[in-house]
Amino acid sequence: MRLLKRFVRQPSALLGAVFLLVLAALAIAAPWLTSSSPWEMNSQPMLAPFHDPAHWLGSDLLGRDLGIGLLYGARVSLAVGVLTSLATLLMGLLVGAIAGYFGGWVDGVLMRIIEFFQIIPQLVLAVILVAVLEPSLGTIVLAIALVAWPAVARLVRSEFLTLRQREFVQAARVLGQSPWGIISQQILPNALAPLLVVMTFVMATAILTESALAFLGLSDPEAMSWGYMINASRGLLRDAWWMSFLPGLAIALCVLAVNQVGEGLRVAFEPERSL
């Protein structure tokens, strides 16, 4: 309850959380809020916003409704962001916890693996993985998670290296608790605060990376996404600027909201004197 009060007292973080909740609700309800598919050509091509009440955000080059495309694009971006965060958390937590708790040669081997992934530019590795595998939302989630988990693993490792020397961990060892019990019941709950903050930034990075991959034509060809909408309209910036501006604005607002929530969590987890 105290954590929630600290979070709510930050207007920007609260606004970001409300925006994401509303966006998620609209994305989930998209099939019921719209009467057609985002791929359906049901309007005059290159219709400007607010010129037709039936298509109030306008249409693209093929006459597809931009408002419907934005709603379905939100489904893709939020789904990729959430799933990538969970996959990244799972991989980073597993590797970081083992390396930080056991130390020694186990830590050395795992850290070399982490460093190998970190020396490769993230977007380049994601592009290679998606290009080699069949482009799909599952492939994109896997590719982004594979390039994002090393930073999470390093954070978890540092937290475990610090916490494993604390008195309550030593007491659990003396009482005969198993290593996995100590990791899951003693250390992990105390390492969650910085981990939750980092996961919000992982989600923001995942949304941007998915949009970049879709812009490059490496996203799921059957999924309408914001990056795909920008890619489809990049040659019409002078004649129909809104076709690129609207999905670009959606990406910017979504990422900004996620970052504000992450910053709000960071401040909320700090001692009360930081407010």
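This one's a predicted model, so the numbers in the text were calculated from it and none came from an experiment. (Residues numbered from 1 in each chain as written. Predicted model: local features only at pLDDT ≥ 70, side-chain atom pairs only at ≥ 80, totals over all residues. Heavy atoms only, no water.)

**Q** Could you give me a rundown of the overall build of the chain, with the residues and numbers involved?
**A** In terms of regular secondary structure, the chain is built from 11 helices and 0 strands. Secondary structure elements of the chain, listed N to C terminal, follow the sequence α-α-α-α-α-α-α-α-α-α-α. If you line up the chain on its principal axes, its C-alpha atoms span 75 × 45 × 30 Å. Residues classed as buried in the chain amount to 45% of the 275 residues present. Within the chain, contacts between residues at least 6 apart in sequence are counted, and of these 71% link residues at least 24 apart. With an accessible surface of roughly 14,200 Å², the chain has 69% of that area assigned to carbon and sulfur atoms. Looking at charge distribution, the chain has the averaged site of its 16 positive side-chain charges lying 15 Å from that of its 16 negative ones. (Helix = DSSP H or I, 4+ residues; strand = E, 2+ residues; numbered from the N terminus. Buried < 20%, exposed > 50% of the residue type's maximum accessible area, 1.4 Å probe, protein only. Contact = heavy atoms within 4.5 Å. Areas by Shrake-Rupley, 256 points an atom, 1.4 Å probe, with all protein chains shown as cover. Lys, Arg positive; Asp, Glu negative; His and termini not counted. Charge placed at Lys NZ, Arg CZ, Asp CG, Glu CD.)

**Q** I'd like a rundown of helix α9 (residues 179–215), residues and numbers included.
**A** For α9, spanning 37 residues, the distance from its first C-alpha to its last is only 46 Å, which falls clearly below the expected 54 Å at 1.5 Å a residue. In the segment just after α9, Gly 217 is the residue with positive phi, at about 80°. (Expected span 1.5 Å × (residues − 1).)

**Q** Any chance you could break down the nonpolar core for me, citing the residues and the numbers?
**A** Within the largest apolar cluster, 38 residues are counted, with the highest numbers of intra-cluster contacts made by Phe 7, Leu 66, Leu 70, Trp 226, Trp 242 and Cys 254. Residue assignment for this core shows that the elements contributing at least two residues are α2 (11–28), α4 (66–102), α9, α10 (226–232) and α11 (242–269). Tallying contributions element by element places α11 first for this core, with 12 residues. In contact with Cys 254, other than residues within four places in its own chain, are Phe 19, Leu 20, Leu 23, Leu 78, Ile 207 and Trp 226. Formed by 16 residues, the second largest nonpolar core is a distinct cluster that contains Ala 97, Ile 182, Ile 187 and Val 202. (Core = buried A, V, L, I, M, F, W, Y, C linked by side-chain atoms within 4.5 Å.)

**Q** Describe unusual backbone geometry, listing the residues and the values that go with them.
**A** Outside of glycine, negative phi angles account for most residues, and trans bonds account for most peptide bonds. Non-glycine residue Met 46 carries a positive phi angle of around 55°. Its location among the elements puts Met 46 in the loop between α3 (30–33) and α4. Judged by relative accessible area, Met 46 falls into the partly exposed class, the value being 30%. In this structure, Phe 50 is a non-glycine residue whose phi angle is positive, near 65°.

**Q** Could you give me a rundown of the environment of Val 267, with the residues and numbers involved?
**A** Among the secondary structure elements, Val 267 is positioned in helix α11. Judged by relative accessible area, Val 267 falls into the buried class, the value being 12%. Between the C-alpha atom of Val 267 and that of Leu 3, which follows or precedes it by 264 residues, the distance is 9.5 Å.

**Q** Lay out the pattern of salt bridges in plain terms, naming residues and giving numbers.
**A** Within the structure shown, the criterion is met by 5 salt bridges. A salt bridge links Arg 64 to Asp 60, with the nearest nitrogen and oxygen atoms 2.7 Å apart. The exposure class of Arg 64 is buried, given its relative accessible area of 8%. Ionic pairing is found between Asp 107 and Arg 157, a salt bridge with its closest N-O pair at 2.7 Å. Here Asp 107 is found in helix α5 (residues 104–118), whereas its partner Arg 157 is found in helix α7 (residues 137–163), with 50 residues between them in sequence. (Salt bridge = Lys/Arg side-chain N within 4 Å of Asp/Glu carboxyl O.)

**Q** Report on the packing of α4 against α9, specifying residues and quantitative values.
**A** Put simply, α4 and α9 touch, their axes get as near as 7 Å, and they point 145° apart. The way α4 lies across α9 gives a crossing that is right-handed. (Axes fitted to C-alpha atoms, helices over the stretch in contact; angles between N-to-C directions. Left-handed = near helix turned anticlockwise from the far one by under 90°.)

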